[in-house]
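# Commentary on secondary and tertiary structure
Each chain, letter by letter, is given below.
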Amino acid sequence: MKFTAEHEALRKTVRDFVEKEINPHCDEWEEAGEFPIHDIFKKLGNLGLLGIQKPEEYGGMGLDYSYNLVAAEELGTAHCGGVPLAIGVQTDMCTPAISRFGSDELKRTFLAPAIAGDMVGCIGVSEVAAGSDVAGMKTTAKQDGDDYVINGSKMWITNSPKADFICLLANTSDDKPHKNKSLIVVPMNTPGISFSPHLNKLGMRSSETAQIFFDDVRVPQRYRIGAEGTGS
Ligand SMILES: Cc1cc2nc3c(=O)[nH]c(=O)nc-3n(C[C@H](O)[C@H](O)[C@H](O)COP(=O)(O)OP(=O)(O)OC[C@H]3O[C@@H](n4cnc5c(N)ncnc54)[C@H](O)[C@@H]3O)c2cc1C
């Protein structure tokens, strides 16, 4: 495909952002094992860069994936991997399912603020004994009245220590492993959520990573994305 003038304008915007807002701080943030994620995300949100492919109705630019690709290429010029990783989790891992299959309430409550840079999100799939083998995950969300009660843990969760919500994969029935999984959006200030200390990584250090524990965490069933059993 041929890039248009619009692709090149977006490329320049992202490159300028990387050079001005990320690269001067990379060494310090990699050393510290964190970066000011809410500040950086708000600046990205103000430029529209957290919603390139997201619907305009919720604050996105409504562009096709080729524009995301251009932005990702330019983020790759950052002098560290951790900050682009954190941004990628926000734009391409924890929000696409909400955007495609979430209710209007989920989109207004979580997607629009994530696009604006007012909320940081994370994605919870991996577990201690379920990395490549996602089917082996053990975290459950059991129906109780209008709520789910969630128990279990998630490992290696990027952005989680400072996240405002998690897009969580949980077993919502005892059916076969490929039929019993649902994605549920859980606000991170819900009682019953706790964290391991930050995981001290060799690389990608500026992105914060932790294990999350869920102990009788209660969320409304309407925070599920799409129908039950369609999370896998
Ligand atoms: C920095 C970092 C950030 C992460 N962030 C997140 C996050 O935000 N959210 C999240 O949910 N997860 C996250 N993860 C977890 C990541 O997705 C898992 O590490 C990944 O799924 C692999 O799982 P594992 O580490 O348990 O390795 P394993 O599944 O134990 O695999 C170990 C090795 O065995 C190989 N292997 C596995 N199964 C087979 C097979 N059947 N045949 C042949 N080879 C096989 C793998 O390729 C790999 O080389 C993160 C991980 C890292 C390192």
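Residues numbered from 1 in each chain as written. Predicted model: local features only at pLDDT ≥ 70, side-chain atom pairs only at ≥ 80, totals over all residues. Heavy atoms only, no water.

## Side note on the site of the ligand
Near the ligand, the surroundings consist of I123, G124, V125, S126, G131, S132, W156, I157, T158 and K201. S126 has a polar side-chain atom sitting 2.7 Å from a nitrogen atom of the ligand. When isolated, the ligand has an accessible area of 970 Å², and the protein chains bury 40% of it. No other element matches strand 3 (residues 147–158), which puts 3 residues into the shell around the ligand. (Near = heavy atom within 4 Å. Polar contact = N/O pair within 3.5 Å; in protein donor to acceptor, adjacent residues only side chain to side chain. Areas by Shrake-Rupley, 256 points an atom, 1.4 Å probe, with all protein chains shown as cover. Helix = DSSP H or I, 4+ residues; strand = E, 2+ residues; numbered from the N terminus.)

## Description of the pattern of salt bridges
Scanning all chains against the criterion turns up 15 salt bridges. Note that E74 is salt-bridged to R11, the shortest N-O span being 2.8 Å. Highlighted residues: E74 in helix 4 (residues 65–75) and R11 in helix 1 (residues 5–22), separated in sequence by 63 residues. R11 sits in the buried class, given a relative accessible area of 16%. A salt bridge links R218 to D147; the nearest nitrogen and oxygen atoms lie 3.1 Å apart. Remark: D147 occurs in strand 3 and R218 occurs in strand 7 (residues 209–220); sequence separation between them is 71 residues. Three or more residues are tied together by salt bridges with common partners; here these are E8, R11, R15, E73 and E74. (Salt bridge = Lys/Arg side-chain N within 4 Å of Asp/Glu carboxyl O. Buried < 20%, exposed > 50% of the residue type's maximum accessible area, 1.4 Å probe, protein only.)

## Remarks on the environment of F213
Considering the arrangement of structural elements, one finds F213 in strand 7. Each C-alpha atom, one on F213 and one on L69, is 34 Å from the other, the two residues being 144 residues apart in sequence.

## Observations concerning the domain arrangement of the protein chain
Its domain assignment divides the protein chain into domain 1 (5–116) and domain 2 (121–225). Computed over C-alpha atoms, the centres of domain 1 and domain 2 are 22 Å apart. Between domain 1 and domain 2, the residue contacts involve 30 residues of the former and 22 residues of the latter. In total, about 2,100 Å² of surface goes out of reach between domain 1 and domain 2, with carbon and sulfur atoms giving 63% of it. Counting across the domain 1 and domain 2 interface gives 2 salt bridges. R222 serves as the salt-bridge partner of E105, at 2.8 Å between the closest nitrogen and oxygen. The set of elements that each furnish at least two residues to the side of domain 1 that touches domain 2 consists of helix 2 (26–32), helix 3 (37–46), helix 5 (82–92), helix 6 (96–101) and helix 7 (104–116). For the side of domain 1 that touches domain 2, the element with the most residues is helix 5, which contributes 6 residues. (Domains from an automatic or database assignment. Contact = heavy atoms within 4.5 Å. Buried area = accessible area lost by both parts, 1.4 Å probe.)

## A word on the packing of aromatic side chains
A full pass over the atoms with the stated rule returns 3 aromatic pairs. The interplanar angle of 40 degrees and the centroid separation of 5.6 Å between the aromatic rings of W29 and F35 together place this pair among those described as tilted. Assigned by exposure class, W29 and F35 land together as buried. Through a chain of ring-to-ring contacts, three or more aromatic side chains come together here, namely F110, F165 and Y223. (Phe/Tyr/Trp six-rings, centres within 6.5 Å; stacked < 30°, edge-to-face > 60°.)

## Focus on the nonpolar core
By size, the foremost hydrophobic cluster in this structure holds 61 residues, and its most contacted members are I22, F41, I150, I166 and V186. It is strand 4 (residues 165–171) that contributes the most residues to this core, 6 residues altogether. A domain-level breakdown of this core finds at least three residues from each of domain 1 (5–116) and domain 2 (121–225). If near-sequence neighbours (up to four positions away) are discounted, I166 is found in contact with C122, I123, G124, I157, I184, V185, V186, M188, I212 and F214. (Core = buried A, V, L, I, M, F, W, Y, C linked by side-chain atoms within 4.5 Å.)

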